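# Structural characterization, general
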Amino acid sequence: MAVPAPSLDDLNERSREIFRRLVETYLATGEPVGSRTLSRAVAMSLSPATVRNVMQDLEELGLLGSPHVSAGRVPTQLGLRLFVDGVLEIGMISVEERAQIERSLSGRDDDLGTLLDEAGSLLSGLSHCASLVFAPKHDAPVRHVEFISLGPDRALAVLVTEDGTVENRVFDPPAGLTPSAMREAANFLNAHLRGRTLAEAQAVIGGQIEACRSELDALAAGLVERGIALWTEGSSGSPDRLIVRGRANLLEPLQGADELDRMRQLFDDLESMRDIAQLLDLAKAAEGVRVFIGSENKLFSLSGSSLVISPYTDSNRRVIGAIGVIGPTRLNYGRIVPIVDYTARLVGSMMTGKVKEKRGS
């Protein structure tokens, strides 16, 4: 039978104060905290021996651990979770940081990719950690499709959706494709895609191609099929785009081969996008910022990292993506949580404003 995790109710006032001070000191320094240091830091007058006894009790509860033979203690993952949920005081984002975020993202809403990329770089710089920006596949109804020849073996597909988003994709056209066949294929797609999302169009386009194949040049029909595959490829649940910024911020403070191996494992997971789709599901599970510590998230179980993540939403409060910071478990949670929260809300607001502006034009 599983033993229930300790709660703040299990700690008396003295134990809470020592626990809070120890975790705050550890998050600030990254070093094990000793009883002598704590005896000078706590508000109440306590001897190092008394502090040591309390630390021993906290260790028996699973909230503290001893990484080395030294007398210093560090919070365990369980201890960090208790601290974040019940003790942490979330600060207000500073006026300077708010202005920096607004200034960096200002004017970036003309292009969704640029906006999200800038948001990722901004979070990495402010947090001195790595950032994650998750953008799910776009599913707005299609307004217009166009194919442009770039040469004998290269072509550009332009997709304009009803919310004004423009996607450009370079692809290899079928051999021998003529400009007229390209125009014919675009006309066919525009006639049958308009007002439908790509997912909806894919369900009916195959039958439409067969029914109208006699009206199409064989090469144009091939291009139609490629045009659909162009945006639906990989639609089995993998995200369309994941932006990772600030890797060096995670690697610089690491000490020892084991820590480097764990961080390399994390980057390997990110590169392969393994389990990345779950990030958006995690963010959707609750409004506002969520904090995942160590193995609480399967993706980071090997690297021992923490993730602070928040969804960003459209005008209908529908989650359309997520943005966050990943770093060591000794993150400055009180500072990073409001930064992530404000950035996510601003990104969602800018994207909503862009959609309204496009629809009104």
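That block above? That's the structure.
Predicted model only: the values in this text are computed from it and were never measured.

Let us look at the environment of L38. On the secondary structure map, L38 appears in helix α2 (residues 35-41). Distance in space between the C-alpha atoms of L38 and R21 is 7.0 Å, their sequence separation being 17 residues. Ignoring sequence-local partners within four residues, the contact set of L38 consists of I18, R21, L22, V33, V51 and M55.

This next bit is on the nonpolar core. Counting 56 residues, the largest nonpolar core has I18, F19, I101, L105, Y312 and Y333 as its most contacted members. A total of eleven residues in this core trace back to one element, the largest contributor, which is helix α13 (residues 333-360). Not counting the four nearest positions on each side in its chain, L105 is found in contact with L115, E118, A119, L122, L346, V347 and M350. F171, L177, L198 and A201 belong to the second-largest nonpolar core, a separate cluster that totals 16 residues.

Moving on: the packing of aromatic side chains. This structure, assessed with the given rule, holds zero aromatic pairs. A cation over an aromatic ring shows up here: R98 above the ring of Y342, its NZ or CZ 4.6 Å from the ring centre.

Let's shift gears to the pattern of salt bridges. Taken as a whole, this structure holds nine salt bridges when the rule is applied. As a salt-bridge pair, D85 and R81 come within 2.8 Å of each other at their nearest N and O atoms. In this pair, D85 and R81 are both assigned in helix α4 (residues 77-86), four residues apart and thus about one turn of the helix distant. By relative accessible area, which is 57% here, D85 ends up exposed. The partner of E97 in a salt bridge is R335, and the shortest N-O contact between them spans 2.7 Å. With E97 in helix α5 (residues 95-105) and R335 in helix α13, this residue pair connects regions lying 238 residues apart in the sequence.

Basis of the calculations
- Residues numbered from 1 in each chain as written.
- Predicted model: local features only at pLDDT ≥ 70, side-chain atom pairs only at ≥ 80, totals over all residues.
- Heavy atoms only, no water.
- Helix = DSSP H or I, 4+ residues; strand = E, 2+ residues; numbered from the N terminus.
- Contact = heavy atoms within 4.5 Å.
- Core = buried A, V, L, I, M, F, W, Y, C linked by side-chain atoms within 4.5 Å.
- Buried < 20%, exposed > 50% of the residue type's maximum accessible area, 1.4 Å probe, protein only.
- Phe/Tyr/Trp six-rings, centres within 6.5 Å; stacked < 30°, edge-to-face > 60°.
- Lys NZ or Arg CZ within 6 Å of the ring centre and 35° of its normal.
- Salt bridge = Lys/Arg side-chain N within 4 Å of Asp/Glu carboxyl O.

Keep in mind these numbers describe shape, not what the thing actually does.
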